[in-house]
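If you want the building blocks of each chain, they are given just below.
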Amino acid sequence: MNPEPFLQLDRVIHEKGRLAIMSLLAASPQLSFTEMRGALSMTDGNLTDHMRTLNEAGYISVTKAFRDRRPLTTYCLTKEGRKAFSDYIDLLEEIVRQTRKK
């Protein structure tokens, strides 16, 4: 078995919480903080930390606005984030193909 695909997995995305976030955002054009928190059953602090990591990596963009005089934070994948997630999925598929050849 070739270990190269394992070594190429994006460590930012590979963490369980961030993988779930990236998956949600890949399936939706934009999600609010509260929508993501509810869907993932994460605490505010945990979700905030993961979002900060993904934002610093350039994988998500953050929009802060007000709706009905209440703050609203929304997130979406950047072009780089969409590519990184696609590349990550491609590597996982390669790993699955290698293990099924046995």
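In case you missed it, the structure is sitting above this.
These numbers were taken from a predicted model, which means no experiment stands behind them.

**Q** Which residues make up the packing of helix H3 (residues 16–26) against helix H5 (residues 44–56), and what are the values?
**A** Remark: H3 packs on H5, axes separated minimally by 10 Å, with the N-to-C direction vectors making an angle of 70°. In terms of their interaxial angle, H3 and H5 are classed as roughly perpendicular. Residues Gly-17, Arg-18, Ile-21, Met-22 and Leu-25 of H3 form the contact with H5, whose own contacting residues are Leu-47, His-50, Met-51, Thr-53 and Leu-54. Its residues assigned to classes, the contact of H3 with H5 comprises six nonpolar, three polar and one charged.

**Q** Summarise the nonpolar core; cite the residues concerned and give the values.
**A** Membership of the largest hydrophobic core comes to 21 residues, with the highest contact counts inside it found for Ile-21, Leu-25, Met-36 and Met-51. For this core, the secondary structure elements donating two or more residues are H3, helix H4 (33–40), H5, strand E3 (70–77) and helix H6 (79–100). For this core, the element with the highest residue contribution is H6, accounting for five residues. Contact partners of Ile-21, with chain neighbours within four places excluded, come to Met-36, Leu-40, Met-42, Leu-47, His-50, Met-51 and Leu-54.

**Q** Any chance you could break down the pattern of salt bridges for me, citing the residues and the numbers?
**A** The final tally for this structure, using the stated rule, is four salt bridges. Residues Arg-37 and Asp-44 are paired through a salt bridge, measuring 2.8 Å at the closest nitrogen-oxygen approach. Two residues, Arg-97 and Glu-94, come together in a salt bridge whose shortest N-O distance is 3.0 Å. With Arg-97 and Glu-94 both in helix H6 and three residues apart, this pair spans about one turn of that helix.

Criteria and thresholds
- Residues numbered from 1 in each chain as written.
- Predicted model: local features only at pLDDT ≥ 70, side-chain atom pairs only at ≥ 80, totals over all residues.
- Heavy atoms only, no water.
- Axes fitted to C-alpha atoms, helices over the stretch in contact; angles between N-to-C directions.
- Helix = DSSP H or I, 4+ residues; strand = E, 2+ residues; numbered from the N terminus.
- Parallel < 35°, antiparallel > 145°, perpendicular 65-115°, else oblique.
- Contact = heavy atoms within 4.5 Å.
- Nonpolar A, V, L, I, M, F, W, Y, C, P; charged D, E, K, R; others polar.
- Core = buried A, V, L, I, M, F, W, Y, C linked by side-chain atoms within 4.5 Å.
- Buried < 20%, exposed > 50% of the residue type's maximum accessible area, 1.4 Å probe, protein only.
- Salt bridge = Lys/Arg side-chain N within 4 Å of Asp/Glu carboxyl O.

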